[in-house]
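Structural features, examined
Chain by chain, the residues run as shown.
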Amino acid sequence: MKISFKITLLFVAAVLFFQIKCHAQQVQMTMPAPTQPATKDKLAMQYFEQKEFEKANVYFDDLFDANPSAWYYYYYKSLLGAKEYSKAEKITKKQLKQNKQNVFLYVYLGRIYKLEEDSKKEKESYEKALKELEPIQPNIENLANAFKEDNLYDYAIDVYNKARKVSPDYPYYYERAEVYKAKNDLSSMINEYLDALEFRDSEIQTVQTNLQNSLGYDDEAGGIRNPLLKQELQKRIQKHPDKIILSEFLIFIQKQQKDFDGAFVQSRALDKRLKEEGNRIYELAKICVSNQNWDVAKRCFDYLIEKGPENLYYDSAIIDGLNVEYLALTQKPQPSNQELILLEEKLTKANKKYKTSFLNPIILKNLASLKAYYLNKSEEAIELLESFINLQGLEATMKAEYKIMLADIYLLKGEIWEASLLYSQVEKDFKYEAIGQEAKFRNAKLSFYAGDFAWAKTQADVLKGATTKLIANDALDLSLIITDAIGVDTNDIPLKLFSSAELMILQHRYTDAIARMDSINLLFSTNTLGDDIYFKKAQIYFKLGKYLDVEAMYKNIVEYYPGDLYGDDAQFRLAELYDKNLNDKEKAKLAYEDVLVKYQGSIFTVEARRRFRELRGDNLSN
C-alpha cells in the first residue's frame, strides 16, 4: 500500500513539473528577447560605411590591436578618410614588419605619401615594392592589383615584367593586355594578345574572345571592329611568314569585316604554301556567295578550276562558279542580251557535261530560268524541266521542287490550268510539309491572278497558320489585300486590274505592269489600292535600278498611307534604300529612327534600332 502511494505521488509530481516547464517555455516564447548591445565591430563598420571616420577609428583602434590581419585594411582606409596620415603610416609599417612578403603594402605607403605630397618618398615606396617582390603568383597579383587600383599602370607592367623573367612558361600576356586596355593603349594591348598567339597556337580561341570583348564585336557590321588589329597582324605576317596561325587569324578577321578580297589573297597564299587541296578557298567562296560578293566568289572558284580536274573541288567549282555568274547577272538591273546569251551557252555546255551527275540540278534550274524569264524561250525551259522530272529514281522532294518551277513557267506563259495541276500535285503529295504549303500558296496566288478572289482568300486564310513563317506572312498579306480592296463594295474591277499587273511583274513585263497599275487610279479614283500600287511599283523600280523612283514610291506610302498594310515596310525599306543604295547615311539614320518612333510594334524595329545606333556611332558591344 505504501509503495503504491509513493508511486502515485511521484506520478503527480512529474505531471506538475512537466506542466510548469511547458508554461515557462510558452512565457519565454511570448516575451521579447532582451536587446543586445551593438558590438565594436558592428559599430566600427556602421560608422565606416557612413563615412564618419573619426568615430569609426575609436573602435578600429581596439579591433586592430586585437587582430591586425583582419582589421588592417578597414582601419587604414578609415585613417586616410580622417586624414590621420601618420597613424596610417605607422600601422602600415607595422604590418610590413610582421608580413614582409606583402610588398603591396608599400603601395599603400606610397598612397599616404602622395596625399602628403611627398613625391620622393612615394616613388621610393613603389620602387621598394618592386625590388622586394618575391615573384610567386599570389604576391605578383597582389602587388599588380595594388598598382592598378591607383592607376599606376606602368608599375603594374613592371611587376609582370619581373614575373615574366622567372616564369617563361607563363609570360603574363593576358594580364599585361588588361593593363594596357585600362591605360587605353590599344596598340600595346593588341600586341600582347598577338604575342600570346605566337607563343602558343592553341591560344587562338582565348585570344579571339578577349579581343572581341576588348575591341567591340558586331557580326553584321564587321566583327572585331578596330583597324589596328588587322594592321598589326599584317606586320607580323611579313616578319614571320612561317607562323601560319597569324595568317589564319587575319583571314578570320577579314571574313568578319567582310574584307573578302583580302581574305582571298591570304587564303590563296596559305593554300599554295601548305600545298592544300583548296578547302579554305572553297569555304571562303561559300561565304562570299552568302554575302552576295560575286566577284571574289568567282575568283575563288576560278582558282580551284585552275588547279585542274584532279583537284577535289574541280567539278563543284565549275558548277558553283556558273551559279555565281547566273546570280550576278540576273540581279543586275538590266542585263544585256549578249551577256544572257553567253551565260546560256556556258550553262548548256555544262548541262551536257554533267547530265548524269548529282551536281546537275542547279545547272538545269538556272538554265531553265534563264531561258524562260530572260530569253523568251519558255518552251525550251519546259522541255528541260519535264525531261528532268521524268527521270527514274529522282528524289521526291527534288521532283516536287522542280514541278513548282515548271508550274511557274506555265503560269508565265499564261497556261493557268497546267500550272494549277502541277501545284495541286505537289500540295497533295506533301500536304503537311513546307513545300506542300508553298504549292498551296502559289495555287491561291494563281486564283488571285485569274480574278477568283473568293477562292484565293479562302486558301490564303487557311495558310495563315502555315508552319513556314514566310508563307504565313505572304498568305496574310494576300488575304488583307483582297479584303481591303473589295470590302463592302462588290466592285472587284480595280483588284482585277491590280492582280493582272502582278502577273505582268512575274512575267518581267514591267512597263505594262506600271501602265496597268496607273490606269487603276485614272479609272477608279476612290479605289483602296493606293499603298499596294506604290509598293509594287517600288519593287519594279528597284529591279530596274531606278533608286530615286523607288524613294518616291516609298515616300508616297509613308506620307499618304502610313497606317495601311505597307506603312512600316515602306518606312523601313526607305531607310535601307538610303543606307545601302543611295549612300545617304544621315537620311538613313532619320528614316530608321522614324521606324522606331512611328511603328513601335513593327517586326522591323529590332533591325532598325541596331542600324540607327550604328549610324549614330554607338558602341554596340556595351
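Residues numbered from 1 in each chain as written. Predicted model: local features only at pLDDT ≥ 70, side-chain atom pairs only at ≥ 80, totals over all residues. Heavy atoms only, no water.

**Description of the overall build of the chain**
Basically, it comes down to this: Put simply, DSSP marks the helices as runs of H or I at least four residues long and the strands as runs of E at least two long, and each gets a number from the N terminus on. Under the scheme applied here, a residue whose accessible area is under 20% of the maximum for its type counts as buried, over 50% as exposed, and between as partly exposed, the area being computed with a 1.4 Å probe on protein chains only. By definition in these notes, contact holds between two residues if any of their heavy atoms fall within 4.5 Å. Surface exposure here means Shrake-Rupley accessible area, sampled with a 1.4 Å probe, where a residue is shielded only by the protein chains that are shown. Neither His nor the chain termini are counted; the positive set is Lys and Arg, and the negative set is Asp and Glu. To locate a charge, take NZ of a lysine, CZ of an arginine, CG of an aspartate or CD of a glutamate.
Per the secondary structure count, the chain includes 33 helices and 2 strands. Buried positions account for 46% of the 622 residues belonging to the chain. Residue pairs at least 24 apart in sequence account for 51% of intrachain contacts in the chain once pairs closer than 6 positions are excluded. Of the roughly 33,900 Å² that the chain leaves accessible, carbon and sulfur atoms contribute 53%. Placing the 86 positive and 93 negative side-chain charges of the chain at their respective mean positions leaves the two points 5 Å apart.

**Section: the environment of Glu344**
Quick reminder of the rule: Any pair of nitrogen or oxygen atoms within 3.5 Å is treated as a polar contact; in protein, a donor-acceptor pairing is required on top of that, and neighbouring residues in sequence qualify only through side-chain atoms on both sides.
You can see Glu344 is positioned in helix 19 (residues 337-353). Distance from Glu344 to Tyr326, taken between C-alpha atoms, is 9.2 Å for residues 18 residues apart in sequence. Once you skip the residues sitting within four places of it in the chain, Glu344 turns out to touch Leu367, Leu370, Lys371, Leu375, Lys377 and Glu380. In terms of polar contacts, Glu344 uses its side chain to reach the side chain of Lys371, at 2.7 Å.

**Describing helix 15 (residues 260-273)**
Defined as follows: Each helix should span, by expectation, one fewer than its residue count multiplied by 1.5 Å.
Between its first and last C-alpha atoms helix 15 spans 20 Å; for 14 residues at 1.5 Å apiece the expected length is 20 Å, and the two agree. Those residues of helix 15 not exposed but buried are Phe260, Gly262, Ala263, Phe264, Gln266, Ser267, Leu270 and Asp271. Tucked inside the fold, the buried residues of helix 15 contact helix 13 (227-239), helix 14 (244-256), helix 16 (279-290) and helix 17 (294-306). Lys275 occupies a position one or two residues after helix 15 and carries a positive phi of about 50 degrees.

**With respect to the side chain of Arg280**
Following the sequence through the fold, Arg280 ends up in helix 16. Residue Arg280 is classed as buried on the basis of its relative accessible area of 18%. Sequence-distant contacts of Arg280, that is, excluding residues within four places in its chain, are made with Glu248, Ile251, Ser267, Leu270 and Leu274.

**Quick word on the environment of Ile341**
Note on placement: Ile341 falls in helix 19. Residues Ile341 and Leu233, spaced 108 residues apart in sequence, show a C-alpha to C-alpha distance of 45 Å.

**What to know about the confidence of the model for the chain**
The condition is simple: Confidence of the predictor at the level of single residues is given by pLDDT, which spans 0 to 100.
Summary statistics for the chain give a mean pLDDT of 88 and a share of 91% for residues scoring 70 or more. Model confidence for the chain, summarised as mean pLDDT per element, is weakest for helix 1 (residues 2-30) at 36 and strongest for helix 17 at 97. Below a pLDDT of 50 lies the segment residues 1-37, which in the model reaches 0 contacts outside its immediate sequence neighbourhood of four places, other chains included. Taken together, the stretch residues 217-223 has pLDDT below 50 and engages in 21 contacts with residues farther than four places along the chain or on a different chain.

**Describing the pattern of salt bridges**
To be explicit about the condition: Any Lys or Arg side-chain nitrogen found within 4 Å of a carboxyl oxygen on Asp or Glu counts as a salt bridge.
Taken as a whole, this structure holds 49 salt bridges when the rule is applied. As a salt-bridge pair, Lys307 and Asp271 come within 2.9 Å of each other at their nearest N and O atoms. With Lys307 in the loop between helix 17 and helix 18 (314-330) and Asp271 in helix 15, the pair connects residues that are 36 residues apart, well separated along the chain. When the shortest N-O distance is used, the salt bridge between Arg611 and Asp579 registers 2.8 Å. In this pair, Arg611 is assigned in helix 33 (residues 605-616) and Asp579 in helix 31 (residues 567-581), connecting sequence segments 32 residues apart. Counted as one network, the salt bridges with shared partners bring together Asp579, Lys585, Glu607, Arg610, Arg611 and Glu614.

**Observations concerning the side chain of Asp271**
In this structure Asp271 comes out as buried when scored by relative accessible area, which is 1%. A distance of 2.7 Å separates polar atoms of two side chains, one belonging to Asp271 and the other to Tyr303. A polar contact is formed between the side chain of Asp271 and the side chain of Lys307, at a distance of 2.9 Å. Beyond its immediate stretch of four places on either side in the chain, Asp271 contacts Glu276, Glu277, Gly278, Ile281, Tyr303 and Lys307.

**Here's the deal with helix 25 (residues 453-463)**
The test is simple: Think of it as the arc spanned by the lines of direction from the helix axis to the C-beta atoms.
Three or more residues of helix 25 are buried, namely Phe453, Ala456, Gln459, Ala460 and Leu463. Around the axis of helix 25, the buried residues are gathered within 130 degrees of arc, so they sit on the same side. Of the exposed residues in helix 25, the ones pointing more than 90 degrees away from its buried face are Ala454 and Val462.

**A look at the nonpolar core**
Worth spelling out the cut-off: In these notes, a set of buried Ala, Val, Leu, Ile, Met, Phe, Trp, Tyr and Cys residues joined through side-chain atoms within 4.5 Å is what counts as a nonpolar core.
Formed by 100 residues in total, the largest nonpolar core has its most connected members in Phe448, Leu495, Phe498, Ile540 and Tyr554. Broken down by element, this core gets its largest block of residues, 10 residues, from helix 22 (residues 396-413). Of all hydrophobic cores here, the second largest spans 71 residues; its members include Tyr126, Val159, Leu229 and Leu250.

**A closer look at the packing of aromatic side chains**
Defined as follows: For this analysis, a ring pair means two rings from Phe, Tyr or Trp (six-membered ring only for Trp) whose centres lie within 6.5 Å, classed as stacked if their planes differ by under 30 degrees, edge-to-face if by over 60, and tilted for the remaining angles.
As enumerated under the stated definition, the model contains 34 aromatic pairs in all. An angle of 55 degrees between the planes, with centres 5.2 Å apart, marks the rings of Tyr126 and Tyr155 as tilted. Pair noted here: Tyr126 is in helix 7 (residues 119-132) and Tyr155 is in helix 9 (residues 153-166), with a separation of 29 residues, a long-range link. Of the two residues examined, Tyr126 and Tyr155, each falls in the buried class. Taken together through their ring pairs, the aromatic side chains of Phe48, Phe53, Phe60, Phe64, Trp71, Tyr72, Tyr73, Tyr74, Tyr75, Tyr76, Phe104 and Tyr108 make up a single cluster.

**What to know about the environment of Asp584**
For Asp584, the position within the fold is in the loop between helix 31 and helix 32 (585-598). Put simply, Asp584 and Ala400 are 184 residues apart on the chain and 44 Å apart in space, counted from C-alpha to C-alpha.

**Regarding the packing of helix 22 against helix 24 (residues 434-449)**
Rules: Only the contacting stretch of a helix is used when fitting its axis, a line to C-alpha atoms as for every element, and angles between N-to-C directions run 0 to 180 degrees. Should an angle fall under 35 degrees it is taken as roughly parallel, and over 145 as roughly antiparallel, whereas 65 to 115 is taken as roughly perpendicular and any remaining angle as oblique.
Between helix 22 and helix 24, whose axes approach to 11 Å, the crossing angle comes to 10 degrees. What the angle tells us is that helix 22 and helix 24 run roughly parallel. Across the interface between the two elements, Thr397, Ala400, Glu401, Ile404, Asp408 and Leu411 of helix 22 pack against Ile435, Glu438, Ala439, Arg442, Leu446 and Tyr449 of helix 24.

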